[in-house]
Amino acid sequence: MVSFLKEAEELFEEYKDYIPTHREICEIIENKEFLTKEDLAKLLNVSSKEDIMLMAKKAQKLTRENFGKVILLYAPLYIANYCQNGCVYCGFSCRKKYKREKLSFEEIENELRKMKEEGIDSVIILTGEDRINSSVEYIEKACRIATDFMSEVSIEVYPLYEEEYKRLSSIGVVGITVYQETYQREDYDKLHPFGPKKDFEFRLNAPERALKAGFHEVCVGPLLGLSHPKKDVLCAILHAEYLLDKFPKAEISISFPRFRSAGTDFTPSYTVSDKEFIKFLLIARLYLPRVGIVVSTRERPSLRDVLIDVCITKMSAGSKTTVGGYAEEKDEDAEAQFEVEDRRSVSEVVDVIIRKGLRPEFTNWVKGVKSV
């Protein structure tokens, strides 16, 4: 599995100081149907606005050819914030002292009912990493409830074993999001000093275990800022390619969330500008034309609205990142896992999508029908 990491490391080292000419960029973008890994590594070093605009035009064309005018919408549901990890950057870290919560099954129903009233029909169930307070049985029951309300249910919880993923798949859970945070093992070890998340390879292999267990959708990516952004983006794109090659019938998505303050003293080693962020998303589309690209409410409204037109296929809307944040008004800044930049309602986001001539959708799968 980790062979793609070695390949990414070698590519990065070979091309990290390589500055492609405008003519070379034109050759890659305009005359090649499929990009090589060397092309991918070269594009990471593009800096001129002219070249990025050229990339954007091609990315938009590929997005429309492969995904049409559909923008998939979803919302996260945090059902617990207990965590056993000591991640130095996270608002849910057990290092942080604040009220820990876990929703009852009745409260989960109330949250889902409220989300449904707001127009949400696709949900991601989230917990912190704590097998005691957020057991597999608890997650399974929460997902059972969610499948009664929503057309599409996914999870973003601690990495599970294949048999545990099979249990969730059997009740209708279709997708999993697992952020590796950083693909750089040395930095990963420093950022995760203790807790179950310290197991780098168990987390790295989680998407593959889920797909083997019957899941249809996987989203992977790094948290930009924790380590060298270009290297992490390169690793994530090759990770997505690996999964696409191994599971050609699955829907593989990629996301590049940028670090946002989470009420900790952590200061990221790197800052990713809007220009770099956009470039990374464009490169993912150019190299992997049929991969889904996700952007969350971490990003501000104006930027998300621009990206809808170019390369994004899936985005969150009306997100609450506190436990029980839909049915009850809570202090998002004090209790959230990270800062939310786009606080627009679902209907406001839907209106923007429609005005752009695109079609908002809340599910990728017809309930009760499996892909073949």
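In this text the structure is predicted, and so the values were computed from the model without any measurement.

A. Here's a closer look at the packing of helix 5 (residues 105-117) against helix 6 (residues 136-149). Orientation of helix 5 relative to helix 6, taken along the N-to-C sense of each, is 35°, at an axis distance of 10 Å. Here helix 5 runs over helix 6; the crossing is right-handed. Contacts between helix 5 and helix 6 involve Phe105, Ile108, Glu109, Leu112, Arg113 and Lys116 on the former and, on the latter, Tyr138, Lys141, Ala142, Ile145, Ala146 and Phe149.

B. Structural detail: the pairing of strand 3 (residues 152-156). Extensive coverage of strand 3 is indicated by the burial of four of its five residues. Here five bridges tie strand 2 (residues 122-126) to strand 3, and the two strands are oriented parallel to one another. Residue pairing for strand 3: Val123 is matched across the bridge by Val153. Where the polypeptide runs from strand 2 across helix 6 and back to strand 3, its parallel neighbour, the crossover connection is right-handed. Here strand 3 runs beside strand 4 (residues 175-181); their pairing, made up of two bridges, is parallel. If you follow Ile155 over to strand 4, its bridge partner there is Ile176.

C. Spatial organisation of the pairing of strand 1 (residues 70-78). Taken across its nine residues, strand 1 has nine buried, putting it largely inside the fold. Here strand 1 shows a buried face lined by Val70, Leu72, Tyr74, Pro76 and Tyr78 and a second buried face lined by Ile71, Leu73, Ala75 and Leu77. As paired strands, strand 1 and strand 9 (residues 359-361) are joined by three bridges and run parallel to one another. Looking at the pairing, Leu72 lines up with Glu361 of strand 9. With four bridges joining them, strand 1 and strand 2 adopt parallel strand pairing. In the strand pairing of strand 2, Pro76 is matched with Ile124. You can see the chain leave strand 1, run along helix 5 and come back into strand 2, and the turn it takes is right-handed.

Definitions and cut-offs
- Throughout this document, residue positions are counted from 1 along each chain, in the order its sequence is written.
- In keeping with the predicted nature of the model, local features appear solely for residues at pLDDT of at least 70, side-chain atom pairs appear and are counted solely at 80 or more, and the whole-chain, interface and lining totals rest on all residues.
- Side-chain numbers come from the whole structure's heavy atoms, not from hydrogens or water.
- Working convention: axes come from line fits to C-alpha atoms, limited for helices to the stretch in contact. Angles between N-to-C directions cover 0 to 180 degrees.
- A run of DSSP states H or I qualifies as a helix once it reaches four residues; a run of E qualifies as a strand once it reaches two. Both are numbered from the N-terminal end.
- It is the rotation of the near helix from the far one that decides the hand of a crossing: anticlockwise by less than a right angle makes it left-handed, clockwise makes it right-handed.
- Throughout, a residue-residue contact means that at least one pair of heavy atoms, one from each residue, lies within 4.5 Å.
- Accessibility here uses a 1.4 Å probe with only protein chains present; expressed as a share of the type maximum, an area under 20% marks a residue as buried, one over 50% as exposed, and anything in between as partly exposed.
- Strands are labelled as partners when DSSP assigns at least two bridges between them.
- Think of it like this: strands point away, you trace from the first strand over the helix to the second, and a clockwise trace means the crossover is right-handed.

These values are about where atoms sit, not about what they do.
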